[in-house]
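Breakdown of the fold
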Amino acid sequence: MSYSKIILSDAYQRRLGEIEDFIWESSGKNILAMEAFLTSHDNILEFLKQNPTTPSPHPQTGDQSWPFSDGRYRLFFKFNGKDIELLDLIDNLMSNLKIYPNNVLPTYNEDE
């Protein structure tokens, strides 16, 4: 069963743009790194459309969240019974860069 609409909040759109910029810059403008993120993002959206009640709502905030890309990212949303509102997105590498300065994104080099 697929639900009618995914709604992107302004905050979600801003965070998505920030994460895309971070991936682009930190990967040396590697298109494969960006494509990998966008594919993972599309896959999690499809998963949530099919399973919006799988993650339990947080008891205090009422939002739900789901990790993707081996836990690197976490998407926060609310499901109102019909539509899914995307609230926030976290990139754990970006968020913890000061704590883990040696973490890097995998890059792919083409043989010339």
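Residues numbered from 1 in each chain as written. Predicted model: local features only at pLDDT ≥ 70, side-chain atom pairs only at ≥ 80, totals over all residues. Heavy atoms only, no water.

1. Examining the packing of helix α1 (residues 10–26) against helix α2 (residues 31–50)
Heads up, the condition is: Axis lines are fitted to C-alpha atoms, over the contacting stretch for helices. Their N-to-C directions set the angle, which ranges from 0 to 180 degrees. Numbering of helices and strands runs from the N terminus; a helix is a DSSP stretch of H or I covering at least four residues, while a strand is a stretch of E covering at least two. Geometric relationships in this document are graded by angle, where less than 35 degrees denotes roughly parallel, more than 145 denotes roughly antiparallel, 65 to 115 denotes roughly perpendicular, and other angles denote oblique. When checking whether two residues touch, look at their non-hydrogen atoms; a contact exists if any pair is within 4.5 Å. Put simply, Ala, Val, Leu, Ile, Met, Phe, Trp, Tyr, Cys and Pro go in the nonpolar bin, Asp, Glu, Lys and Arg in the charged bin, and everything else, Gly too, in the polar bin.
Two elements in contact, α1 and α2, have axes whose closest approach is 9 Å; the angle formed by their N-to-C orientations is 150°. Comparing the axis directions of α1 and α2 gives the class roughly antiparallel. Within the contact between the two elements, α1 uses Tyr 12, Leu 16, Ile 19, Glu 20, Ile 23 and Trp 24 and α2 uses Ile 31, Ala 33, Met 34, Phe 37, Leu 38 and His 41. Of the residues assigned to the contact of α1 with α2, the class counts are ten nonpolar, one polar and one charged.

2. Thoughts on the pairing of strand β2 (residues 64–68)
The line we're drawing: In this scheme, strands are said to pair when DSSP sees at least two bridges between them.
Where β2 and strand β3 (residues 73–79) come together, five bridges link them in antiparallel fashion. Residue pairing across strands places Phe 68 opposite Tyr 73, the latter belonging to β3. Between β2 and β3, which follow one another and run antiparallel, lie four residues, and Ser 69 among them has a positive phi close to 55°.

3. Details of α1
Within an α-helix, residues lying three or four positions from one another point in the same direction, as the helix has 3.6 residues per turn. For clarity, the threshold we go by: One less than the residue count of a helix, multiplied by 1.5 Å, gives the span that helix is expected to have. Each residue is placed in one exposure class: buried if its accessible area under a 1.4 Å probe, protein chains only, is under 20% of its type's maximum, exposed if it is over 50%, and partly exposed if it falls in between. Arc, as used here, means the arc of the directions from the helix axis to the C-beta atoms.
Helix length check: α1 (17 residues) gives 24 Å between terminal C-alpha atoms against 24 Å at 1.5 Å per residue, within 8%. By the burial criterion, the buried members of α1 are Tyr 12, Leu 16, Ile 19, Phe 22 and Ile 23. One side of α1 holds all its buried residues, which, seen down the axis, span an arc of 125°. Among the exposed residues of α1, those oriented more than 90 degrees off its buried face are Asp 10, Arg 14, Asp 21 and Glu 25. Backbone geometry just downstream of α1 places Gly 28 in the positive-phi region, at approximately 70°.

4. So, the sheet that holds β2
In spatial order, the strands read β1-β4-β3-β2; together these four strands make up an open sheet with mixed pairing. Each having just a single partner strand, β1 (6–8) and β2 make up the two edges of the open sheet. Direction aside, neighbouring strands of the sheet carry axes that sit 35° apart on average. Bridge count for β1 against strand β4 (residues 84–91) is three bridges, and the pairing is parallel. Each bridged residue has a counterpart across the sheet, and for Ile 6 the counterpart in β4 is Ile 84. Contacts between α1 and the sheet are confined to β1, β3 and β4, with β4 contributing the most and set at about 30° to the helix. Taken strand by strand, α2 contacts β1, β2, β3 and β4, and its axis lies near 140° from that of β2.

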